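Inside the fold
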There are 2 protein chains.
Amino acid sequence: MKDLQCAWLGEMGPQQGVVLSSRIRLARNLEGYPFPPSCRPGSLADVLTLITDRASQLPDYTVLDMNRVHPVEAHLLVERHLISPAFASSTRPRSLVLSPDSRIALMCNEEDHLRLQCLVPGLQFDQAWKQAAEVEGFLSQTLSFAFDEQFGYLTACPSNAGTGLRASAMLHLPGLAWINALENIFQQVSQLGLTVRGLYGEGTQSAGHLVQVSNQVTLGPSEEEIVAKINAVCEQIIQYECSARRQLISDQRLVVEDRCWRSLAILREARILESNEAMQHLSMLRLGVDLSLIPSIPIALLNEMLVRIRPAGLQMESGHELAPGERDVVRARLIRQMLADAQE
Amino acid sequence: MKDLQCAWLGEMGPQQGVVLSSRIRLARNLEGYPFPPSCRPGSLADVLTLITDRASQLPDYTVLDMNRVHPVEAHLLVERHLISPAFASSTRPRSLVLSPDSRIALMCNEEDHLRLQCLVPGLQFDQAWKQAAEVEGFLSQTLSFAFDEQFGYLTACPSNAGTGLRASAMLHLPGLAWINALENIFQQVSQLGLTVRGLYGEGTQSAGHLVQVSNQVTLGPSEEEIVAKINAVCEQIIQYECSARRQLISDQRLVVEDRCWRSLAILREARILESNEAMQHLSMLRLGVDLSLIPSIPIALLNEMLVRIRPAGLQMESGHELAPGERDVVRARLIRQMLADAQE
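Keep in mind that what you see is a predicted model, and the values were worked out from it rather than measured.

Now for unusual backbone geometry. Of note in the backbone geometry, His209 of chain A takes a positive phi value of approximately 60 degrees without being a glycine. Backbone geometry at Asp60 of chain B places phi at a positive 65 degrees, although glycine is not the residue there. Relative to the elements of secondary structure, Asp60 of chain B occurs in the loop between helix H2 (41–55) and strand E2 (62–65). Overall, the relative accessible area of 65% leaves Asp60 of chain B in the exposed class.

Applying the stated rule across the entire model yields four cavities of 30 Å³ or more. Its volume calculated, the largest cavity comes out at about 60 Å³. Considering the residues around the largest cavity, the lining is formed by His172, Gly208, Leu210, Met279, Leu282, Ser283, Arg286, Leu302 and Leu306 of chain B. Split by residue class, the lining of the largest cavity holds five nonpolar, three polar and one charged. Approximately 50 Å³ is the volume found for the second largest cavity. Surrounding the second largest cavity, His172, Ala207, Gly208, Leu210, Met279, Leu282, Ser283, Arg286, Leu302 and Leu306 of chain A form its lining. Those elements that place two or more of their residues in the lining of the second largest cavity are helix H9 (275–290) and helix H10 (299–308) of chain A. The biggest single contributor to the lining of the second largest cavity is H9 of chain A, with four residues.

Residues and elements named next belong to chain A. An order of E2-E3-E4-E5-E1-E8-E10-E9 is seen for the eight strands of this open sheet, with the pairing classed as antiparallel. One side of each edge strand has no neighbouring strand; the edge strands of this open sheet are strand E2 (62–65) and strand E9 (194–197). Mean inter-strand twist for the sheet, computed between neighbouring axes without regard to direction, equals 20 degrees. Where strand E1 (residues 19–28) meets strand E5 (residues 114–121), eight bridges bridge the pair, whose relative direction is antiparallel. Bridge pairing links Ser21 to Pro121 in E5. In this fold helix H2 (residues 41–55) packs onto E2, strand E3 (95–98), strand E4 (104–108) and E5, with an angle of close to 160 degrees to the strand it touches most, E4.

Once that is clear, we can look at the interface of chain B and chain A. Taken together, the contacts link 16 residues of chain B with 16 residues of chain A. Here chain B packs against chain A, burying approximately 1500 Å² in sum over the two surfaces, 64% of which is carbon and sulfur. Of all residues in chain B, Arg262, Glu269 and Arg271 of chain B bury the most surface against chain A, accounting for 37% of the area lost on that side. Counting every contact that joins chain B to chain A gives four salt bridges. Here Arg268 of chain A ties to Glu269 of chain B by a salt bridge, and the two come within 3.5 Å at their closest N and O atoms. Our count for the chain B to chain A interface comes out at ten residue pairs in polar contact (both at pLDDT 80 or more). Considering each element in turn, the side of chain B that touches chain A owes the most residues, ten residues, to helix H8 (residues 223–269) of chain B.

On to the sheet that holds strand E4 (residues 104–108) of chain B. Residues and elements named next belong to chain B. Strand order across the open sheet formed by eight strands is E2-E3-E4-E5-E1-E8-E10-E9, with antiparallel pairing between neighbours. Looking at which strands have only one partner, the edges of the open sheet turn out to be E2 and strand E9 (194–197). Sheet twist, expressed as the average angle between the axes of neighbouring strands with direction ignored, equals 20 degrees. Taken strand by strand, H2 contacts E2, strand E3 (95–98), E4 and strand E5 (114–121), and its axis lies near 160 degrees from that of E4.

Soluble globular proteins tend to pack their nonpolar side chains together in the buried interior. Core analysis: the biggest nonpolar cluster contains 111 residues, and Ile83, Leu96 and Leu285 of chain A together with Ile83, Leu96 and Leu285 of chain B have the highest contact counts within it. Ranked by residue count, the leading element in this core is H8 of chain B, at eight residues. In terms of nonpolar packing, the next biggest core, distinct from the first, is built from 52 residues, Ile24, Val189, Val227 and Ile237 of chain A among them.

All names here are of chain B. Taking every second residue as pointing to the same face, both faces of E3 are buried, with Ser95 and Val97 on one and Leu96 and Leu98 on the other. As paired strands, E2 and E3 are joined by four bridges and run antiparallel to one another. Among the inter-strand pairings, Asp65 is bridged to a residue of E3, identified as Ser95. Pairing of E3 with E4, which is carried by four bridges, proceeds in the antiparallel orientation. Following the sheet pairing, Ser95 is matched in E4 by Cys108. Taking the residues that link successive antiparallel strands as the turn, the E3-E4 hairpin has five residues, and the phi of Ser102 there is positive, at about 60 degrees.

Bringing the environment of Ala167 of chain A into the picture now. Residues and elements named next belong to chain A. One can find Ala167 in strand E8 (residues 165–172). On the accessibility criterion, Ala167 (0% relative accessible area) is buried. On a C-alpha basis, the gap between Ala167 and Cys118 in space is 9.6 Å, while along the polypeptide they are 49 residues apart. Look past the residues within four positions of Ala167 in its chain and what remains in contact with it is Arg23, Ile24, Phe125, Val213, Ser214, Asn215 and Ile230.

This part takes up helix H7 (residues 182–191) of chain B. Three or four residues apart is the spacing at which side chains of an α-helix point the same way, because the helix has 3.6 residues per turn. All names here are of chain B. Looking only at H7, the buried set comprises Leu182, Ile185, Phe186 and Val189. Each buried residue of H7 lies within a common arc of 100 degrees when the element is viewed along its axis, so the set occupies one face. Facing away from the buried side of H7 by more than 90 degrees, the exposed set consists of Glu183, Gln187 and Gln191. As for H7, its buried residues are in contact with helix H6 (174–178), E9, strand E10 (210–215) and H8. Downstream of H7 by a residue or two, Gly193 has a phi angle that is positive, lying close to 85 degrees.

To go from the first copy of the chain to the second, apply a rotation about an axis and then a shift along the same axis. When chain B is fitted to chain A, the residual RMSD is 0.0 Å, and the transformation amounts to a turn of 180 degrees plus an axial shift of 0.0 Å. Taken together, the rotation and translation relating the two chain copies correspond to the operation of a two-fold axis. The C-alpha atom lying nearest the rotation axis in chain B is that of Ala265 of chain B; the distance is 2.5 Å. When you check the interface residues of chain B against chain A, 100% turn up at the interface there too, and the contact is symmetric in its surfaces.

Rules used throughout
Residues numbered from 1 in each chain as written. Chains lettered and ligands numbered in written order. Predicted model: local features only at pLDDT ≥ 70, side-chain atom pairs only at ≥ 80, totals over all residues. Heavy atoms only, no water. Helix = DSSP H or I, 4+ residues; strand = E, 2+ residues; numbered from the N terminus. Buried < 20%, exposed > 50% of the residue type's maximum accessible area, 1.4 Å probe, protein only. 1 Å grid on protein atoms, 1.4 Å probe; cavity = no way out; pocket = protein on both sides within 12 Å on 5 of 7 lines; lining within 4 Å. Points joined across faces, edges and corners; volume = space filled by probe spheres on them. Nonpolar A, V, L, I, M, F, W, Y, C, P; charged D, E, K, R; others polar. Pairing = 2+ DSSP bridges. Axes fitted to C-alpha atoms, helices over the stretch in contact; angles between N-to-C directions. Contact = heavy atoms within 4.5 Å. Buried area = accessible area lost by both parts, 1.4 Å probe. Salt bridge = Lys/Arg side-chain N within 4 Å of Asp/Glu carboxyl O. Polar contact = N/O pair within 3.5 Å; in protein donor to acceptor, adjacent residues only side chain to side chain. Core = buried A, V, L, I, M, F, W, Y, C linked by side-chain atoms within 4.5 Å. Arc of directions from axis to C-beta. Least-squares fit on C-alpha atoms with pLDDT ≥ 70 in both.

Next comes the structure, spelled out in structure tokens:
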């Protein structure tokens, strides 16, 4: 589990100075079966078998029986954005089917019978949509998804009905945060029918200047229209962010350098690092690398740190459960090691 | 001037983990001449000649005509604790006579005709008093100092009359500061008739947990009694400080390590450093070195930093006047260089 390949973490993607990842998620349910929240265990097991059997025919995909995955490993999957928190803690019969690079992740018996996600590095919604649609097409050759002429694909929660498509991007916006323009941008984004959230979904804070942008509406526009719209909005945000960074460099280069170097220094030497502080410094590191103000650190390493310093990642690291105070010590040690290794 | 030798900065002394320096200062005035504040320029010039002529017979001593010293250089002498701020900015005819290692510094026409100081590294008041008394003895062979049977040596300000002796130590008390015990110690010290002040005298803050302890009373007790008393009080404070450091190490070693490493990291990499922040980090560095928590850095280097990062030191460094904002940049660069040089 520790060595799980994860495309969005380890590979290069377009616009990755601002966009960490793009994600397409499709919600589907099997015709003739109640949605998971109101489905009897026996029927849920049938659904699981039907979907998993078909999905396991995808070449080199891995099937994980989620009820046999250790809770810490389940949390690790959440931290890598491969499953939802609800899916990790659920007790339904459920499985996760992963492509070799984890670009494609299929959750069986989450809120819907099937949640199909394609998660790619950088800004490439077209690519993600194309891959997700291909896999959905393969599955629908033998599986009948509940579909209504008026409402489109039917889903457990009406907010997903229609296309069942949620497109989201994870953006790093330290420049806009620095010049206090985030609120303004978020308002504009909301007015365009998109939602802005913290890194780990609803209700989470945007630690480290990381935010998720996603479409609100799934019913009405076509899949292609949804994808085109979020893509256009992300490109606009990227422009704003890059312009903010250029402005910072021209107006107060030394102050930005100072902040970036201090963050690198603290990450290299601190013995105790709380999660939020670490995220802030990692944000400055990412900015400093993008602006060539500090020594280059591979973006893959920065992505890896981002997930390995989360609670489950740290517990995998140390091999046992950790109290919050202990995590801060393990987090600091892990970051120190990773940066030292990168320097060699 | 930049390469001025300064014993208290460059040499090792007893108890230097806590005591940066010990100082004995004697105030003397020539019989038959009014004190400088009420003395005509012609008479002041006579006083200057009399004292300087005699002092210049001390072997290898240097005489500086203070009216020909550049104001920045005068400030540098203040920052090295060789002269007082008032002496630096005065326009009286005045001179400074220095021993080769600057242990002995004679200010002619400060508030009194003669202020004789012996400044030594670490806690060694006996040594400082012995040297100061020797030099005073040499001068008094040809100079007649104003002396009254009842009041002892007469001085411009009555608070110096009697022995004319002010003994002071510069102490580094990060342990007591950490456990919030400084106020309590200061109260005890005051009750013993001693005064506690910031690093650069009255009204200055105790930046970097550095404080000056000195005797309040000059009239009544003998020189030996004054010296013995401040020495005993300093030894008591050292015990408290060392006990606080031991307590910190046993109770929260990791937190102390974290603070020390962070300070070292920031001093190594920051691009902008305000004076107070730099002093705080230097304080942690000194603590970390004393407790062997971070790589050893020579105490002389830490002392040198302490004075070279002050405004005049920085202006000498850069060769021209600096606005406060520019100082923060030069300060950060200088510290970075000094630490990098020390690592090589």
